[in-house]
Amino acid sequence: MSNVSLKNLCKSYDKTKTIINNINLEIADKEFIVLVGASGCGKSTILRMIAGLEDITSGEILIGNNVVNHVHPKDRDIAFVFQSYALYPHMSVYDNIAFGLKMRKTDKNTIDKKVREVAQVLNLDQLLNRKPKELSGGQRQRVALGRAMVRNPKVFLMDEPLSNLDAKLRVQMRAEIKKLHKRLDTTFIYVTHDQTEALTMGDRIVVLDKGIIQQVDTPQKIYSYPANTFVAGFIGQMNFINAKVNENGLMLGEVFVPLKEELLVKLLNHNEIIVGIRPENMSYGDIEFSAEVEISEMLGSEKIAYFDFAGAKCSAKLSGDYEIGTEIKLHISQENMLFFDKETGKNLLDY
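Every value quoted in this text rests on a predicted model; they were computed, and no experiment measured them.

K.L.:
Break down the overall build of the chain for me, citing the residues and quoting the values.
P.N.:
Tallying secondary structure elements over the chain gives nine helices and 20 strands in all. Expressed along its principal axes, the backbone C-alpha trace of the chain runs to roughly 75 × 45 × 35 Å. When the 351 residues of the chain are sorted by exposure, 47% land in the buried category. Long-range pairs, those at least 24 residues apart, make up 65% of the contacts in the chain between residues at least 6 apart in sequence. Between the mean site of the 44 positive side-chain charges and the mean site of the 45 negative ones, the chain shows a separation of 12 Å.

Take a look at the structure:
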């Protein structure tokens, strides 16, 4: 079993600066889970604690139902793929992949067999005699993956492994890593600050802020039903608009939005709330309003138009050609809105 459990996990420095604040997380056997958050949120620290490269202040880490708090990193049966690849520049691709097996005194025939099997899976079989400096960024990353794969670990830990690659190569490597996960059929814990990587790769996403888990769920639920304004704004774009609640519905500036009775009952005890609307949902609905385009950005077949609405800076994904200064018609409805507490940022509806 390669399930991982984090129980009341804390990390602080000098008993004053808390990096990880009482994290509890259950990662299932063979799951691909993504830790995502801004720089400094603690995601890489969590990964390093699981690997044993960082001491924990309190709490427990279990791998395969065994507490590993005091187990040496080499005995935890995990593999770590670093952002910087961490390849030995003087060694060939073959020797880089074989390094971990050689350290474990594996016999030469077994090493050769495993290295060549892994190289074939990763399309490195023609590059085994090259040095890292002779490889592209994507090839170096595949060598780093191969060095991890060759040991058949219980758990793969990946710390922003694609951040050094260009945009096109990142897309290709995302697909390769997902295929690799299915092929190896083991647990992957993946750290990134890139929301696209999180949404496209993870079975579940863990959104972190300041060392605290904000939400854990599937990519679809994280995107469609964020737990609070932080998650809503971090995963995808979101327009946040202050709204006033009355007995009939909402006032977004001068625009009135009627609400269904069951929803109105839930919101009536709040005088003011924050309404969240995704840019792609500013073109659908029975409530129309006008806005003047302040900035326009081309995104292939779509354009992003930026404008003021109800005192908020908003954006909408639109088709067609809209120049700066153009007046556009936009449409919204209750069905495409999210509702957040103005003080706490918490989603006001239970999904």
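So that's the structure; there's more coming.
K.L.:
Lay out the pairing of strand S6 (residues 78-81) in plain terms, naming residues and giving numbers.
P.N.:
Burial along S6 is two-sided: Ile78 and Phe80 and Ala79 and Val81, pointing in opposite directions, are all buried. Pairing of S6 with strand S7 (residues 155-159) involves four bridges; the strand directions are parallel. If you follow Ala79 over to S7, its bridge partner there is Phe156.

K.L.:
Provide a residue-level description of the sheet that holds strand S10 (residues 212-217), including the pertinent values.
P.N.:
Overall, mixed pairing links the six strands, which are arranged S6-S7-S8-S3-S9-S10 in an open sheet. Strand pairing shows two members of the sheet lacking a second neighbour, S6 and S10, which therefore form its edges. This sheet shows a mean twist of 15° between the axes of neighbouring strands, independent of strand direction. In this sheet, S10 lies alongside strand S9 (residues 204-209) in antiparallel orientation, the contact comprising five bridges. In the strand pairing of S10, Val207 is matched with Gln215.

K.L.:
Can you break down the pattern of salt bridges residue by residue, with the values?
P.N.:
Within this structure, the stated rule accounts for 13 salt bridges. Measuring nitrogen to oxygen at the nearest pair gives 3.3 Å for the salt bridge that ties Glu26 to Lys7. In this pair, Glu26 sits in strand S2 (residues 17-27) while Lys7 sits in strand S1 (residues 4-13), placing the two residues 19 residues apart along the sequence. Under the relative-accessibility criterion, Glu26 is labelled partly exposed at 44%. With relative accessibility at 32%, the residue Lys7 sits in the partly exposed group. Arg116 is paired through a salt bridge with Asp112; the nearest N and O atoms lie 3.0 Å apart. With Arg116 and Asp112 both in helix H3 (residues 108-121) and four residues apart, this pair spans about one turn of that helix.

Quick notes on the rules
- Residues numbered from 1 in each chain as written.
- Predicted model: local features only at pLDDT ≥ 70, side-chain atom pairs only at ≥ 80, totals over all residues.
- Heavy atoms only, no water.
- Helix = DSSP H or I, 4+ residues; strand = E, 2+ residues; numbered from the N terminus.
- Buried < 20%, exposed > 50% of the residue type's maximum accessible area, 1.4 Å probe, protein only.
- Contact = heavy atoms within 4.5 Å.
- Lys, Arg positive; Asp, Glu negative; His and termini not counted.
- Charge placed at Lys NZ, Arg CZ, Asp CG, Glu CD.
- Pairing = 2+ DSSP bridges.
- Axes fitted to C-alpha atoms, helices over the stretch in contact; angles between N-to-C directions.
- Salt bridge = Lys/Arg side-chain N within 4 Å of Asp/Glu carboxyl O.

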